[in-house]
Amino acid sequence: MKTKSSIGLMVLLMMFPQIVETIYSPALPMIASGFDVSMPQAGMTLSIYFTAFAFGVVSWGIAADIIGRRAAMLAGLLVYGLAAFGAVYAQSFYWLLAMRALSAFGAAVGSVVTQTMLRDTYNQEELSRVFSLMGVGIAVSPALGLLLGSLFTSRYGYQGVFSLLAVLAMLLLLLSYSHLRESRVQDRKEVVIDSLSKPEIKPALLNLAQRMLLDGQLWRSALLICGFNVMLFSYYLHGPFLFAQLGFSSMQFGFSGLLLAVATLVGSKLNKHLIRRQIDVTVRVQLAAVTALLGAAGVYVNLHSVWFLVPMMLVVIGFSVAIPNILAGALVAYKQQVGSAGALFGLGYYLLIGIGMMLAGEINHLGNVLLLTALGTLVVSKPSITSVCRNS
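Reading the values: the criteria
- Numbers given for residues are sequential positions, taken from 1 along each chain in its written order.
- Residues qualify for local features only when their pLDDT is at least 70, as the model is predicted, and side-chain atom pairs are given and counted only at 80 or more; totals for whole chains, interfaces and linings, by contrast, use all residues.
- Hydrogen atoms and water are omitted, and side-chain values are computed over all heavy atoms in the structure.
- Residues belong to a common nonpolar core when they are buried Ala, Val, Leu, Ile, Met, Phe, Trp, Tyr or Cys residues joined through side-chain atoms within 4.5 Å.
- Remark: exposure states derive from per-residue accessible area (1.4 Å probe, protein chains only) relative to the maximum for the residue type, with buried under 20%, exposed over 50%, and partly exposed in between.
- To qualify as a helix, a DSSP run of H or I must reach at least 4 residues; to qualify as a strand, a run of E must reach at least 2; elements of each kind are numbered from the N terminus.
- In what follows, residue pairs with any heavy atoms lying within 4.5 Å of each other are defined as contacts.
- Pairing of aromatic side chains here covers Phe, Tyr and the six-membered ring of Trp, requires ring centres within 6.5 Å, and sorts the geometry by plane angle: under 30 degrees stacked, over 60 edge-to-face, intermediate tilted.
- Only when the NZ of Lys or the CZ of Arg is both within 6 Å of the ring centre and within 35 degrees of the ring normal is a charge said to sit over the ring.

A.B. asks: Would you mind going over the nonpolar core in detail, with residue names and values included?
C.D. replies: A general trend in soluble globular proteins is that nonpolar side chains are found buried together. Counting 127 residues, the largest nonpolar core has Phe-228 and Tyr-235 as its most contacted members. When residues in this core are grouped by element, the largest group, 16 residues, is from helix α9 (residues 216-245). Beyond its immediate stretch of four places on either side in the chain, Tyr-235 contacts Pro-240, Phe-243, Phe-253, Ser-256, Leu-260, Phe-308, Leu-309, Met-312 and Leu-366.

A.B. asks: Which residues make up the packing of aromatic side chains, and what values do they have?
C.D. replies: Under the counting rule described, the total for this entry stands at 22 aromatic pairs. A centroid spacing of 4.3 Å and a plane angle of 50° characterise the contact between Phe-53 and Tyr-350, whose relative ring orientation is tilted. Taken together, the residues span a long stretch of sequence, with Phe-53 in helix α3 (residues 39-66) and Tyr-350 in helix α13 (residues 338-363) at a distance of 297 residues. For Phe-53, a relative accessible area of 2% corresponds to the buried category. Its relative accessible area of 11% is what places Tyr-350 among the buried residues. Here the aromatic rings of Phe-345 and Tyr-349 are separated by 5.0 Å at their centres, their planes lie at 75°, and the arrangement is edge-to-face. Taken together, the residues span about one helical turn, with Phe-345 and Tyr-349 both in helix α13 at a distance of four residues. Taking the ring centre of Tyr-177 as reference, the NZ or CZ of Arg-70 above it sits at 5.2 Å. In this arrangement the basic side chain of Arg-100 is found over the ring face of Tyr-24, its NZ or CZ atom lying 3.6 Å from the centre.

Take it as geometry only, folks, not as evidence of what the structure does.
This is how it looks when you write it as structure tokens:
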């Protein structure tokens, strides 16, 4: 019998990686100033974060199959909390980068293990609704994260932000210790543990990786997830500096999260409406890509005014429609190895996001980043890309 944890707790765990990153965003200008580095260098903390996050995804995903979902989740939250405390006392930029990488490695558990637990418990049709429901909780992440980050940055500096992140991680660790239930079924647990002593385990993982590498549909999903995330997180990278250039404070940048939260809610409601109307999932994702492209064009045109936030909302709406649908259907063909498959899939798309964020920092222009990424995402959203990948 499948054991279900509270959806509320699942929402918090899914929100965790995003909310801790949005809390961090307002501190970027102060980090650049405090460590005497340029904006692209400060932005390296984001690209390194996603790269380390990728390796955390694969590590915690495999760990979830070996030691259990609950144990992996608790370990990851502990690692994140310790790394956040380490960042508080960073004396050099390179030490800060190291702590950011370690914290990203720990935070990855909130993404991959939560998704694994949901896939343990729900079928594909239910997953679309559950992931869509999660959008309601995730909708408050930008607003809450940016407001808290702005408040702590203005009052306590970036050290205060890292202290807040550590405390939040420890609170979530205690909550998970008390209320998180193991979702892996007992007979599967025995199979996984028994397989550790068998020499076939490594070839099996390599075979899985090879199968996934040759899966055109999976590549399409990974590229789409990368594109929509790069568009969203490019705002968190460039936004604080852009607001400063326009003469606004970090607190005012924090309030922009309210608009993004509204956009996320609108996207979630729109996605539910499309699901109820039984609109094909490919059409939903294409609609999201078109919406994001319109928003990107609007941001490009209005970048020298705070009114660029209005079309930025369209980008966020596109993100909110696309991501639940892509995640829900990505690993349907890998149900028997969902933990390891989820880990390898996450490794792939988070490495892509890390590369994308590195390029976004180098381009150093929000409008250009959004336009280029939105155009690429629209091309990939066409189903023909799948056949191209399979035939190559």
